[in-house]
Amino acid sequence: MSTIAENVEAIRADIREVSQASGRSDLPRLVGVTKTRSLEDVRALILAGVDHLAENRWESWHERLLAFPGNLWPSIFWHFIGPIQGRALKRFYRPLFCIESLDNLSHGTALSRLALESGAPQSVLLEVNVCRAPGRTGVLPENLFPEIEALAALPGLRLEGLMVMGPIPGDAKSPSSSEVFGEGNALFQEARRLIPSMGTLSMGMSEDYREAIRWGSTEVRIGRSLFEGMLR
Ligand SMILES: *Cc1c(COP(=O)(O)O)cnc(C)c1O
């Protein structure tokens, strides 16, 4: 089995290759998704040079922060990619690099208040449910623009872009990853006409990051392939 450091190297090389092959001159950021992994594995990922990390539960993120405190690990940038859930948010919120899973105005309002209390502006992405899969979070595409305008007006928040999940693997009713990421890209371009400072389009996981990069993703969120080796 390959080591985590070898996996990181292989994924980085692949991200470069796919980006170049699709005619891009920029490189999407690699965010390592550490949810459910052991501290040892997370440490190995950090030592292999992955400095942007993501968790999907507030309580787990809080535990990570205790294990890797900011004063000892100043160059780790934390992302939050899970359900916002008001109560856990209130209990465990501390300013972090980016909250990618903002999905409605009431969560936005709660976050705005917490960010103002903390004294630091909080970067957020708005999650769009392009697949329309029931049970998935995110705003539906037809509600996106009113939601963006409302969120952009909240003090304490910086709306930096959009987050899109690919289709559910193996679900015959889902659109293809190319359709989903293509629509994600189109919505992002339109959103930027409204808010030109938006620079982040977070799309792509272990299963589908290549397709996401071809559709202009500026950030891929990868867990499995970093810890268990590349999927082919
Ligand atoms: C788990 C998760 C990922 C990473 O998925 P892998 O298949 O492990 O690469 C990315 N984004 C979100 C929102 C997730 O919950």
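Reading the values: the criteria
Residues numbered from 1 in each chain as written. Predicted model: local features only at pLDDT ≥ 70, side-chain atom pairs only at ≥ 80, totals over all residues. UniProt positions renumbered as here; feature names shortened; annotations may be inferred. Helix = DSSP H or I, 4+ residues; strand = E, 2+ residues; numbered from the N terminus. Buried ≥ 20, exposed ≤ 12 C-beta atoms within 10 Å, placed from the backbone. Contact = placed C-beta atoms within 7 Å. Core = buried A, V, L, I, M, F, W, Y, C linked by C-beta atoms within 7 Å. Near = placed C-beta within 6 Å. Nonpolar A, V, L, I, M, F, W, Y, C, P; charged D, E, K, R; others polar.

## Some points on the UniProt feature "modified residue: N6-(pyridoxal phosphate)lysine" (unreviewed entry) in the protein chain
- Those residues carrying the UniProt feature "modified residue: N6-(pyridoxal phosphate)lysine" (unreviewed entry) are Lys35 in this numbering.
- Within the secondary structure layout, Lys35 lies in the loop between strand E1 (29-33) and helix H2 (39-47).
- Residue Lys35 is classed as partly exposed on the basis of its C-beta count, with 15 C-beta atoms lying within 10 Å.
- Filtering out sequence-adjacent residues up to four positions away, Lys35 remains in contact with Glu55, Asn56, Ser60 and Gly223.

## Examining the nonpolar core
- Within the largest apolar cluster, 56 residues are counted, with the highest numbers of intra-cluster contacts made by Val124, Leu126, Val128, Leu162 and Val164.
- Those residues in contact with Val164, other than ones at most four positions away along the chain, are Val128, Val130, Val180, Phe181, Gly184 and Met203.

## Let's talk about the site of the ligand
- Near the ligand, the surroundings consist of Val33, Lys35, Asn56, Ile81, Met205, Ser206, Glu207, Arg221, Ile222, Gly223, Arg224 and Ser225.
- Listed by contribution, the elements that provide at least two residues to the shell around the ligand are strand E8 (219-222) and helix H9 (224-228).
- Looking at the shell around the ligand, its residues break down into 4 nonpolar, 4 polar and 4 charged.

## Some details on the environment of Ala110
- Looking at the secondary structure, you find Ala110 in helix H5 (residues 105-118).
- Distance in space between the C-alpha atoms of Ala110 and Gln20 is 41 Å, their sequence separation being 90 residues.
- Not counting residues up to four positions away in its chain, the partners in contact with Ala110 are Gly86 and Leu89.

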